[in-house]
Amino acid sequence: MAMYHNIEIDNLAKSLLSFEDGKDNPTTEEITAKIAAIKLDMLRDERNLRLAECDWLVVKANETGGTVSDDWKTYRQALRDITKTATCLEDATFPTQPT
């Protein structure tokens, strides 16, 4: 079972539907859609973390008048584009960080 912050995603989806949308008895389709949204959020969280880990390169280049290498630009763009090809962490193939 997939987990999100130590909560089973199925249970989280049902709780969110009940709390946010007032649905005491959500349908299977509603639960499935909410699970997909949670998984996409998890993917975005990981993507954002990886972008944040290398933000210093861009900041340093801007502050010193330097440039960001094409390898880093490509890596960062691939991270930003990951939600175009993946909908969850299980489907995602993250790019390799340049050295």
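Keep in mind that what you see is a predicted model, and the values were worked out from it rather than measured.

**Q** It is not clear to me how the overall build of the protein should be interpreted in this structure. Could you clarify?
**A** In terms of regular secondary structure, the protein is built from 4 helices and 2 strands. Ordered by position in the sequence, the α and β elements of the protein form the string β-β-α-α-α-α. In terms of C-alpha radius of gyration, the protein reaches 18 Å, well past the compact-globule figure of 13 Å for 99 residues. In terms of overall dimensions, the protein has a C-alpha envelope of 55 × 25 × 20 Å along the principal axes. Looking at the protein as a whole, 27% of its 99 residues qualify as buried. For the protein, the share of sequence-separated contacts (at least 6 apart) that also reach a separation of at least 24 residues comes to 52%. Summing over all exposed atoms, the protein offers an accessible surface of approximately 6,800 Å²; the carbon and sulfur share of this is 50%. Computing the positive centroid from 12 side-chain charges and the negative centroid from 18, the protein places the two 5 Å apart.

**Q** Would you mind going over the packing of helix α2 (residues 28-53) against helix α4 (residues 70-80) with me for this structure?
**A** Helix packing for two helices is described by the angle between their axes and how far apart those axes are. Running from N to C, α2 and α4 point in directions that differ by 160 degrees, and their axes come no closer than 9 Å. In terms of their interaxial angle, α2 and α4 are classed as roughly antiparallel. As for the relative orientation of α2 and α4, their crossing is left-handed in sense. Within the contact between the two elements, α2 uses R47, R50 and L51 and α4 uses Y75, R76, L79 and R80. Among the residues forming the contact of α2 with α4, the class breakdown is 3 nonpolar, no polar and 4 charged.

**Q** Help me out: how do you make sense of the confidence of the model for the protein in this one?
**A** Keep in mind that low pLDDT regions are not for reading the predicted coordinates in detail. For the protein, mean pLDDT is 89; residues scoring 70 or higher make up 91% of the total. At the low end of the mean pLDDT range in the protein sits strand β1 (residues 3-4), at 62; at the high end sits α4, at 97.

**Q** Looking at this structure, I do not really get α2. What am I missing?
**A** A rise of 1.5 Å per residue sets the reference length of α2, with its 26 residues, at 38 Å; its end C-alpha atoms lie 38 Å apart and thus fit the reference within 8%. Three or more residues of α2 are buried, namely I31, K34, I35, I38, M42, L43, R47 and L51.

**Q** Looking at this structure, I do not really get the pattern of salt bridges. What am I missing?
**A** Note on pairing: side chains with opposite charge can pair once their charged atoms come close. Within this structure, the stated rule accounts for 4 salt bridges. Of the charged contacts in the structure, one is a salt bridge between E46 and R50, with a shortest N-O distance of 2.7 Å. Of the two residues, E46 and R50 are both situated in helix α2; the distance of 4 residues between them amounts to about one turn of the helix. A residue is classified by how much of its surface remains accessible, and E46, at 24% relative accessible area, is partly exposed. According to the relative accessible area criterion, R50 is partly exposed, its value standing at 23%. K84 is paired through a salt bridge with D81; the nearest N and O atoms lie 3.5 Å apart. Its relative accessible area of 69% is what places K84 among the exposed residues.

Cut-offs used in this document
- Residues numbered from 1 in each chain as written.
- Predicted model: local features only at pLDDT ≥ 70, side-chain atom pairs only at ≥ 80, totals over all residues.
- Heavy atoms only, no water.
- Helix = DSSP H or I, 4+ residues; strand = E, 2+ residues; numbered from the N terminus.
- Rg over C-alpha atoms; globule rule 2.2 N^0.38 Å.
- Buried < 20%, exposed > 50% of the residue type's maximum accessible area, 1.4 Å probe, protein only.
- Contact = heavy atoms within 4.5 Å.
- Areas by Shrake-Rupley, 256 points an atom, 1.4 Å probe, with all protein chains shown as cover.
- Lys, Arg positive; Asp, Glu negative; His and termini not counted.
- Charge placed at Lys NZ, Arg CZ, Asp CG, Glu CD.
- Axes fitted to C-alpha atoms, helices over the stretch in contact; angles between N-to-C directions.
- Parallel < 35°, antiparallel > 145°, perpendicular 65-115°, else oblique.
- Left-handed = near helix turned anticlockwise from the far one by under 90°.
- Nonpolar A, V, L, I, M, F, W, Y, C, P; charged D, E, K, R; others polar.
- pLDDT = per-residue confidence, 0-100.
- Expected span 1.5 Å × (residues − 1).
- Salt bridge = Lys/Arg side-chain N within 4 Å of Asp/Glu carboxyl O.

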